[in-house]
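Structure at a glance
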Amino acid sequence: MNRTRPLMILTAALTCLFLSDLSHVVSAAVQSASTDGEATVYLAGAFSKPFDVAYRAVLKPGIHNGSWSSISLLLIGARLPGQSVSIGLSSDPQSNRQARPFTLVVYPDLTAHYQKRDTNCERGCLVQLRGTSARVEAYVNNIATASWSRSDLYLTNPYIQLNGEAHGAGDVLYASLTPVRVSVDGKSIKYPTCAFTTRGIEPTGRAKIEFRGIVTNAPGEFVNLRTGAHGDKC
């Protein structure tokens, strides 16, 4: 296992500052310290309640990419940097750029545990986070792969990010997340309207979300997924 990659994924997931309650986005100074090309889509919902978030994930990195890329679901709280859990697909040159599932958990003391799975997801896989009142569970193709106690995670005001990332300068990313089930407390939630882009990776769509681009030095901006407009707010 590449031991630097979990820290890179963690850093990329936490460096976009999102100053909002997710029910309505307010103007904010946007700053990103990430060295990755990354796009983040924000799902609004009361994820402290039982939830079920399942997407068909496809990851297609560029054939000449020099570093890792990923597509993931991330459950995170209000503390940044802070505890979180994620499941998704990742790819790197060491694995012949084959898309494989991974899980990553970060505990309140910021210790992290990253685990890559052997499932071949070249044609896509179903990735899922499911929360009960007591636990958060991760699934790949409806098979349980990891489970964490909510009390151990101690997440405050948790919400979910959908993230597409590529690490190396000039690396190319195409990835998508197609919703299968997205509900909180048994009720479907609305399609996302707000996203963030940094270093050339762009998000588009509201039901099926696509992430694509080439890693550059482009600045970070919010993206209104309804209109495609970029700026300091959605």
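What counts, and at which threshold
Residues numbered from 1 in each chain as written. Predicted model: local features only at pLDDT ≥ 70, side-chain atom pairs only at ≥ 80, totals over all residues. Heavy atoms only, no water. Helix = DSSP H or I, 4+ residues; strand = E, 2+ residues; numbered from the N terminus. Buried < 20%, exposed > 50% of the residue type's maximum accessible area, 1.4 Å probe, protein only. Contact = heavy atoms within 4.5 Å. Areas by Shrake-Rupley, 256 points an atom, 1.4 Å probe, with all protein chains shown as cover. Disulfide = S-S within 2.5 Å. Salt bridge = Lys/Arg side-chain N within 4 Å of Asp/Glu carboxyl O. Phe/Tyr/Trp six-rings, centres within 6.5 Å; stacked < 30°, edge-to-face > 60°. Lys NZ or Arg CZ within 6 Å of the ring centre and 35° of its normal. pLDDT = per-residue confidence, 0-100. Lys, Arg positive; Asp, Glu negative; His and termini not counted. Pairing = 2+ DSSP bridges.

Glancing now at the overall build of the chain. Along the backbone of the chain there are two helices and 17 strands. In the chain, which comprises 234 residues, the proportion classed as buried is 52%. Considering only residue pairs separated by 6 or more positions, the chain has 65% of its internal contacts joining residues 24 or more positions apart. For the chain, the exposed surface amounts to about 10300 Å²; the carbon and sulfur share of it is 52%.

Okay, the state of the cysteines next. With the rule as written, the count across this model stands at one disulfide. Paired through a disulfide, cysteine 121 and cysteine 125 show a sulfur-sulfur distance of 2.0 Å. Linking cysteine 121 and cysteine 125, the disulfide has an S-S dihedral of approximately -90° and is accordingly described as left-handed. Grouping residues by exposure puts cysteine 121 and cysteine 125 together as buried.

What follows covers the environment of threonine 204. Within the fold, threonine 204 resides in strand β14 (residues 201-204). With a relative accessible area of 38%, threonine 204 lands in the partly exposed category. The sequence separation of threonine 204 and serine 176 amounts to 28 residues, and the corresponding C-alpha distance is 9.5 Å. Residues contacting threonine 204, with those up to four places away along its chain left out, are Ile209, Glu210 and Leu225.

What follows concerns the pattern of salt bridges. Inspection of the entire model under this criterion finds four salt bridges. The network of salt bridges with shared partners includes Lys208, Glu210 and Arg212.

By the definition in use, this model includes four aromatic pairs. Between phenylalanine 47 and phenylalanine 51, the ring centres sit 5.4 Å apart and the planes meet at 80°, which makes this aromatic pair edge-to-face. By the burial criterion, phenylalanine 47 is buried, and phenylalanine 51 matches it. Cation over ring: arginine 130 sits above tyrosine 139, and NZ or CZ is 4.5 Å from the ring centre.

Turning next to the confidence of the model for the chain. Per-residue pLDDT for the chain averages 85, and the proportion of residues at 70 or more is 85%. Predicted confidence is poor over residues 1-33, with pLDDT under 50, and the contacts of this stretch with residues over four places away or in other chains come to 68 contacts.

What follows deals with the side chain of arginine 150. Looking at the secondary structure, you find arginine 150 in helix α2 (residues 150-153). For the buried residue arginine 150, which engages in no salt bridge, the nearest side chain bearing the opposite charge is aspartate 185, 9.5 Å off. If we skip the residues at most four places from it in the chain, arginine 150 touches Phe47, Ser48, Lys49, Phe51, Gly131, Thr132, Ser133, Ala134, Arg135 and Val136.

Counted residue by residue, strand β10 (residues 159-166) has eight buried out of eight residues, so it is predominantly covered. Where burial is concerned, the two faces of β10 agree: the one with Tyr159, Gln161, Asn163 and Glu165 and the one with Ile160, Leu162, Gly164 and Ala166 are both buried. Sheet topology note: the strand β1 (residues 37-43)/β10 ladder contains seven bridges and is antiparallel. Following the sheet pairing, alanine 39 is matched in β10 by glycine 164. One ladder, built from eight bridges, connects strand β3 (residues 69-76) with β10; its direction is antiparallel. The partner of serine 72 across the bridge, within β10, is asparagine 163.

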